[in-house]
Amino acid sequence: MAFFLIFVSAIFVNNVVLSQFLGICPFLGVSKKIDTALGMGAAVTFVLVVATIITYLMQMLLVRFGLEFLQTIVFILVIAALVQMIEIILKKVSPSLYQALGVFLPLITTNCCVLGVAIQVAGANYKTCGAEPSLLIGTWYAFCTALGFALALVLFAGIREQLELTDTPKAMKGTPVALLTAGLLAMAFMGFSGVVG
């Protein structure tokens, strides 16, 4: 039951973009077309899950040696190295997948969503819905959070594609209507706030 509650909570109630405001740059920058939003969502999901596992283990080492104050720097370096390693491996093993995700992988290095979730999981500062924080629960939370990020990105991209077809006033075209739409989408997701206690 805790896994289901974490699923609902991470995707709808505590959406990383619309509730916690992490990952706003790719949310606004990559969300003009649904296909690019899907690609970014898939890339973030993969990197976020792998980065969470590695940073969780790194946090255990930092705690063991009393170096917790280095957490942010170490996590940034680990995430950057991980993204570079994934990029090199994908280029060698699966050139087609590299072509699909290659454009989005460098963007993930600077995505604060990945770092934010890794820090939340490492410090057990996330809603476990009654479950004891662990690597399994943290990985599940990271996966569900990435799905929530992808959902918000795809919804926003779909709305923006439709807005391109409408007769928007000249002063509202582009960024103003995008920000207004993002705010309305965040308010819509606030409707889920009472679902999981």
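Shown above is the structure to which this text applies.
Quick look at the overall build of the chain now. Each helix and strand counted, the chain has nine helices and zero strands in total. Its helices and strands in sequence order give the chain the pattern α-α-α-α-α-α-α-α-α, from N to C terminus. The C-alpha radius of gyration computed for the chain amounts to 18 Å, which stays within 12% of the reference 16 Å derived for 197 residues, consistent with globular compactness. Oriented by its inertia axes, the alpha-carbon framework of the chain measures out at about 60 × 45 × 30 Å.

Vacant regions in the atomic arrangement are exposed by a probe of water-molecule size rolled over the atoms. In this structure, the largest pocket spans a volume of roughly 260 Å³. Lining the largest pocket are K32, K33, R160, L163, E164, T166, T168, K173, G174, T175, V177 and A178. Elements that contribute at least two residues to the lining of the largest pocket include exactly α8 (135-164) and α9 (175-190). The residue inventory of the lining of the largest pocket, partitioned by class, reads three nonpolar, four polar and five charged.

This part takes up the side chain of T52. When you line up the elements, T52 lands in helix α3 (residues 34-64). Not counting the four nearest positions on each side in its chain, T52 is found in contact with V117, V121, G138 and A142.

This brings us to the state of the cysteines. Applying the stated criterion to the full structure yields zero disulfides. Of all cysteine sulfurs, the one in C112 lies closest to C113, which takes part in no disulfide; the gap is 7.0 Å. Taking relative accessible area as the criterion, C113 reaches 0% and is therefore assigned buried.

What follows is about the environment of Q120. Residue position: Q120 is located in helix α7 (residues 112-122). For the pair Q120 and A142, spaced 22 residues apart in sequence, the C-alpha to C-alpha distance is 9.4 Å. Not counting residues within four places of it along the chain, the set of residues in contact with Q120 comprises Q20, N125, Y126 and Y141.

Moving on to the packing of aromatic side chains. Applying the stated criterion to the full structure yields seven aromatic pairs. Relative to W140, the ring of F7 has its centre 6.3 Å away and its plane inclined at 25°; by these criteria the two rings are stacked. Pair noted here: F7 is in helix α1 (residues 2-13) and W140 is in helix α8, with a separation of 133 residues, a long-range link. Under the relative-accessibility criterion, W140 is labelled partly exposed at 26%.

Here the focus is the environment of L5. Among the structural elements, L5 can be located in helix α1. Measuring from C-alpha to C-alpha, the distance between L5 and M190 comes to 17 Å, with 185 residues separating the pair along the chain.

What follows concerns unusual backbone geometry. Positive phi values are uncommon outside glycine, yet F21 reaches one of about 60°. Mapped onto the elements, F21 comes out in the loop between α1 and α2 (24-29).

A general feature of soluble globular proteins is that nonpolar side chains tend to end up buried together. L18, F27, M40, I108, V117 and F149 are the most contacted members of the largest nonpolar core, which totals 55 residues. Broken down by secondary-structure element, the contributors of at least two residues to this core are α1, α3, α4 (71-93), α6 (105-109), α7, α8 and α9. Sort the elements by how many residues they give to this core and α8 lands first, with ten residues. Dropping the residues within four chain positions of it, L18 is found in contact with F27, A152, A182, L185, A186 and F189.

Thresholds, definitions, all that
Residues numbered from 1 in each chain as written. Predicted model: local features only at pLDDT ≥ 70, side-chain atom pairs only at ≥ 80, totals over all residues. Heavy atoms only, no water. Helix = DSSP H or I, 4+ residues; strand = E, 2+ residues; numbered from the N terminus. Rg over C-alpha atoms; globule rule 2.2 N^0.38 Å. 1 Å grid on protein atoms, 1.4 Å probe; cavity = no way out; pocket = protein on both sides within 12 Å on 5 of 7 lines; lining within 4 Å. Points joined across faces, edges and corners; volume = space filled by probe spheres on them. Nonpolar A, V, L, I, M, F, W, Y, C, P; charged D, E, K, R; others polar. Contact = heavy atoms within 4.5 Å. Disulfide = S-S within 2.5 Å. Buried < 20%, exposed > 50% of the residue type's maximum accessible area, 1.4 Å probe, protein only. Phe/Tyr/Trp six-rings, centres within 6.5 Å; stacked < 30°, edge-to-face > 60°. Core = buried A, V, L, I, M, F, W, Y, C linked by side-chain atoms within 4.5 Å.

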